[in-house]
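Chain by chain, the residues run as shown.
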Protein chains: 2
Amino acid sequence: MPKIIMPKNKTGNSKFLKMYNEAVILDMIRLHGALSKSELSRITGLSPTAAGMIASGLLEKGYLQERGEGESSGGRKPVLLELAPRSYYSVGVDMDVGCIRAVLMDITGALVCELTRPMPDPPLFEEAEAIVRDMVAGVLDEHSVAKDRLLGIGISVPGIVDMETGRIVLAPNLGWENVNFGICMGQPPGIPVFVENEAMSSAICENWVGSCKGINNFVCINIKSGVGSGIFADGRLYRGAGGSAGEVGHIAVDENGPRCGCGNYGCLETLVSSSRIVEKARKLAKQGASPGLSALQDIGEIDLDMLVKASKEGDEAAKAILIESARYLGIAVSYIVNTLNPSKVVIGKDFTRYADVVIDYLRSIVYCKALKTHASKVEIVSSPIGDRASALGAAIIPLKALFGK
Amino acid sequence: MPKIIMPKNKTGNSKFLKMYNEAVILDMIRLHGALSKSELSRITGLSPTAAGMIASGLLEKGYLQERGEGESSGGRKPVLLELAPRSYYSVGVDMDVGCIRAVLMDITGALVCELTRPMPDPPLFEEAEAIVRDMVAGVLDEHSVAKDRLLGIGISVPGIVDMETGRIVLAPNLGWENVNFGICMGQPPGIPVFVENEAMSSAICENWVGSCKGINNFVCINIKSGVGSGIFADGRLYRGAGGSAGEVGHIAVDENGPRCGCGNYGCLETLVSSSRIVEKARKLAKQGASPGLSALQDIGEIDLDMLVKASKEGDEAAKAILIESARYLGIAVSYIVNTLNPSKVVIGKDFTRYADVVIDYLRSIVYCKALKTHASKVEIVSSPIGDRASALGAAIIPLKALFGK
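Criteria and cut-off values
- Residues numbered from 1 in each chain as written.
- Chains lettered and ligands numbered in written order.
- Predicted model: local features only at pLDDT ≥ 70, side-chain atom pairs only at ≥ 80, totals over all residues.
- Heavy atoms only, no water.
- Core = buried A, V, L, I, M, F, W, Y, C linked by side-chain atoms within 4.5 Å.
- Buried < 20%, exposed > 50% of the residue type's maximum accessible area, 1.4 Å probe, protein only.
- Contact = heavy atoms within 4.5 Å.
- Helix = DSSP H or I, 4+ residues; strand = E, 2+ residues; numbered from the N terminus.
- Polar contact = N/O pair within 3.5 Å; in protein donor to acceptor, adjacent residues only side chain to side chain.
- Salt bridge = Lys/Arg side-chain N within 4 Å of Asp/Glu carboxyl O.
- Nonpolar A, V, L, I, M, F, W, Y, C, P; charged D, E, K, R; others polar.
- Phe/Tyr/Trp six-rings, centres within 6.5 Å; stacked < 30°, edge-to-face > 60°.
- Pairing = 2+ DSSP bridges.
- Least-squares fit on C-alpha atoms with pLDDT ≥ 70 in both.
- Axes fitted to C-alpha atoms, helices over the stretch in contact; angles between N-to-C directions.
- Parallel < 35°, antiparallel > 145°, perpendicular 65-115°, else oblique.

Enquirer: When you look at the nonpolar core in this model, what are you seeing that I'm missing?
Expert: Counting residues in hydrophobic clusters, the biggest one holds 108 residues, and the most contacted among them are A:Phe351, A:Tyr354, B:Phe351 and B:Tyr354. Those residues in contact with A:Tyr354 that sit more than four places away from it in its chain are A:Ile223, A:Val272, A:Ile277, A:Leu304, A:Val308, A:Leu322 and A:Ser325.

The following block contains the structure:
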């Protein structure tokens, strides 16, 4: 159990210390679900009086609520404290090619409501920004969230973010370069805005509410219009020296493969991104090489869901497209597994739509290509959260500060 | 500047706190070179009395010595304290195919003396262990190091180490499996023994005394009989979930390449390890395809140094072997750079012997194959420490504990 450490700062700032202790108490309650004041004192190392006072303050401000009664150790049954649902909130927005998603989350990590809107085509930054402003106002209005109950707004983008300024350095698939949400949001005024890379947002989400709770070393790979990853190393998001670690979409897995936007050939992204998979399916349908896809083509232009449907209905040519992409993904995952030795690899976003078709095959590729010592100890799973992971992860960023994380 | 944090533990153990404060004081002096007592107080946040008492204790025990006089801020010139050379020691041993190296290091990080002996062929564990015991006794005797002045022994091995027990799980190139130095050393008795992977030892060395002092995100790649790497992430050695991150020697860089011991084809190790490079050079010499190598062959069997000599003397065929290996290495480094976004990649061991022939070419490959955002910000260098890095890194491990690292 973590003990509270008393940080010493120059002025002996008691406000800082109080916030620090509040964060630890909130985090302990978050991790345990519910705790009594005496349990809080025991776990944190604070005196019963201090723990009790801090907890009472948090109850008063509405962060906590009382829940039933706990186990008694002889005397009166203690009252348990838990995080109060729908007390404080955060908003997460995921900006992706084709779709903008906004979620309202409460401090328990629960999804309260969600809005999606199409990304303008072409995705002009100013238009996208106006839509985001509307959507944030929309989710806040829907649940009448008062400004003092909003902890912050997180925005996830498929690109490189300067963590010092929140500036989007480059989001190639949206064509954005050197743009800034942070200072332009301003709605509602005074609310902190955090901008984060989409794969890193997803990794935060998996670690906070998804499949990697309590897991220290994992990699979250997202497959959609691009391919990126978020890496947790020793329990913390690993950003690298320049803030953009995890660009696994540009591992070359086939040197005779297609030319990539980055200038190289056969990058993972050119072989497994959803747009590339759909492109292959459309070609197959046009050639008449897949009965299932050709039949679906009559309904409308082939998309990923149609490809998955045809595969699941036994169309071998359709399935072969997904299997081939899983082979390339498996090669890249084997490099990642050898290099990072993670205990889990979570694959998210569009992959989750066809994971059941390919995941066993993908695992077999990794087992075959990575070192046995590494491959035998890594769990490879499809994200249980799917498309929402980056929006939820973005919403978690303002929450993390509350819990001292 | 790091402030001293007072850790609170159950019993309020003052011995623990004293050791902690001593470690912080020693580390501040190590980082700054020399400090006065008042500077120590200012930097650590300890009261002048407390800082002075701890420093005096360290002086008395011989860890520190006084050096000349510092800058005066008006009054009497303050006495500066620095680490006392040749006061306390540690021993580092590097076990590699062909060679065992033992070094004696003092607390300033200076190399005091060095011994090398051939690794038995075949490298039987019991024989190697007996040699190590002799060598440790040898370096200690040479400088009459008293037992109470020896902080510990570090042993570096080219394999996977269980960090809980110090057991060598697998060292494939030595044929060792499930063997344990730690409990068998016992010479001198009671001295702590630390076993560490060779690439991780080198990374520790580069960070403590080499080319990566103060660098938080870097990768140290060693090329010798095998290829491995040690990763520093956010200022700390990154081990991964199973303790064996950094196995970049098994990134497949040519799917039509030779079969690797791991079962795959075209792993980096099969294309750039020193034994593979020398094998190619010998073939070339036998074929008479390289005038330089053919001439050297008359002196004795071609080795790496002969290949490097021929390359530097303008033999194009010989140089082509090194350039080809640099191309493969560049491909793997580009994956590492994309995935980890380090600010530095240091390449060590045998690579340092021919770095000047290939490093510009290697850099150009990485610049061409990695993302520009990442490649433009990474420095790729040859290790300034070379063959000794793992032995020195192993010696640093017992030192680190003294400095609270």
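Structure shown, so let's carry the discussion forward.
Enquirer: What is the right way to read helix α10 (residues 304–312) of chain A from this model?
Expert: Along an α-helix, a turn takes 3.6 residues, which lines up residues three or four apart on a common side. Residues and elements named next belong to chain A. Of all the positions in α10, only Leu304, Met306, Leu307, Val308, Ala310 and Ser311 are classed as buried. Turning to α10, the residues buried within the fold contact α8 (274–287), α9 (291–297), α11 (316–340) and α12 (351–369). Between the side-chain oxygen of the N-cap and the backbone nitrogen of Asp305 there are 3.2 Å, and the N-cap of α10 in question is Asp303. Looking one or two residues past α10, Gly314 carries a phi angle of roughly 100 degrees, positive in sign.

Enquirer: Can you help me understand the interface of chain B and chain A in this one?
Expert: Reports often express the size of an interface as the amount of accessible area lost when the parts come together. Facing the 44 residues of chain B at the interface are 45 residues of chain A. Linking chain B to chain A there are 0 salt bridges. Secondary-structure elements contributing two or more residues to the side of chain B that touches chain A are β13 (227–233), β14 (236–238), α11 (316–340), α12 (351–369) and α13 (372–375) of chain B. Per element, the largest residue contribution to the side of chain B that touches chain A is 4 residues, and it comes from α11(B). Classifying every residue of the side of chain B that touches chain A gives 20 nonpolar, 15 polar and 9 charged.

Enquirer: Looking at this model, I keep getting lost on the packing of aromatic side chains. Mind explaining?
Expert: The way to describe two aromatic rings as a pair is by their centre distance and the angle between their planes. Using the criterion set out here, one finds 15 aromatic pairs over all chains in the structure. Arranged with centres 5.4 Å apart and planes meeting at 65 degrees, the rings of B:Phe351 and B:Tyr354 form a pair that is edge-to-face. Separated by 3 residues within a single helix, B:Phe351 and B:Tyr354 lie in helix α12, roughly one turn from each other. Like B:Tyr354, B:Phe351 is buried. A connected cluster of aromatic rings, assembled from ring pairs, spans A:Phe125, A:Trp176 and A:Phe181.

Enquirer: Is there a simple way to think about the pattern of salt bridges in this case?
Expert: For side chains bearing opposite charge, pairing can occur when the charged atoms are close. All names here are of chain A. Taken as a whole, this structure holds 44 salt bridges over all chains when the rule is applied. Where Lys349 meets Asp94, a salt bridge forms, and the shortest distance between an N and an O atom there is 3.6 Å. Within this pair, whereas Lys349 is found in strand β15 (residues 344–349), its partner Asp94 is found in strand β4 (residues 89–96), the two being separated by 255 residues in sequence. The buried category is assigned to Lys349, whose relative accessible area is 1%.

Enquirer: Teacher, can you tell me more about the sheet that holds strand β10 (residues 176–180) of chain A here?
Expert: The strands that make up a sheet are held in pairs by hydrogen bonds between backbone atoms, and each pair lies either parallel or antiparallel. Residue and element names in this part refer to chain A. The antiparallel open sheet is built from 3 strands, whose spatial order is β8-β9-β10. Looking at strand neighbours, the two that pair on one side only are β8 (160–161) and β10, the edges of this open sheet. Sheet topology note: the β8/strand β9 (residues 167–171) ladder contains 2 bridges and is antiparallel. Bridge pairing links Ile160 to Leu170 in β9.

Enquirer: Sorry, what's going on with unusual backbone geometry here?
Expert: Peptide bonds are trans in most cases, and residues, glycine excluded, mostly fall at negative phi. Residues and elements named next belong to chain A. Between Asp121 and the following residue, Pro122, the backbone shows a cis peptide bond with an omega angle of 0 degrees. Topologically, Pro122 is positioned in the loop between β6 (111–118) and α4 (125–142). We note that Arg86 has phi near 55 degrees; this positive angle belongs to a residue other than glycine. Checked against the element boundaries, Arg86 lands in the loop between β3 (79–83) and β4. Here Arg86 falls in the partly exposed class, since its relative accessible area comes to 48%. A positive phi is found at Asn341, a non-glycine position, where the angle reads about 45 degrees. Along the polypeptide, Asn341 turns up in the loop between α11 and β15. Asn341 gets classed as buried once you look at its relative accessible area, which sits at 3%.

Enquirer: Explain the relation of the copies chain B and chain A here, please?
Expert: Superposing the two chain copies requires a rotation about an axis and a translation along that axis. Note on the identical chains: chain B maps onto chain A by a rotation of 180 degrees and an axial translation of 0.0 Å, with an RMSD of 0.0 Å. The transformation relating the two chain copies, once decomposed into turn and shift, fits a two-fold axis. The residues that chain B uses at the interface reappear at the interface of chain A in 100% of cases, marking a shared surface.

Enquirer: What exactly am I supposed to notice about the packing of helix α6 (residues 198–208) of chain B against helix α14 (residues 389–402) of chain B here?
Expert: Geometry of a packed helix pair, given as the angle between the helix axes and the separation of the axes. Residues and elements named next belong to chain B. Interhelical geometry of α6 versus α14 gives an angle of 70 degrees and a closest axis separation of 7 Å. Relative to α14, the element α6 is oriented roughly perpendicular. Note on element contacts: α14 touches α6 through Ala389, Ser390, Leu392, Gly393, Ala394, Ile396, Ile397, Leu399 and Lys400, opposite Glu198, Ser201, Ser202, Ile204, Cys205 and Trp208. Looking at the contact of α6 with α14 residue by residue, the class counts come to 9 nonpolar, 4 polar and 2 charged.

Enquirer: What is the right way to read the sheet that holds strand β15 (residues 344–349) of chain B from this model?
Expert: All names here are of chain B. Taken in spatial order, the 5 strands make up an open sheet running β14-β13-β12-β15-β16, and their pairing is mixed. Unpaired on one side and paired on the other, β14 and β16 (379–382) mark the two borders of the sheet. Across the sheet, the mean angle separating the axes of adjacent strands is 25 degrees when strand polarity is ignored. Pairing geometry for strand β12 (residues 218–223) and β15, over 6 bridges, is parallel. Bridge pairing links Cys220 to Val346 in β15.

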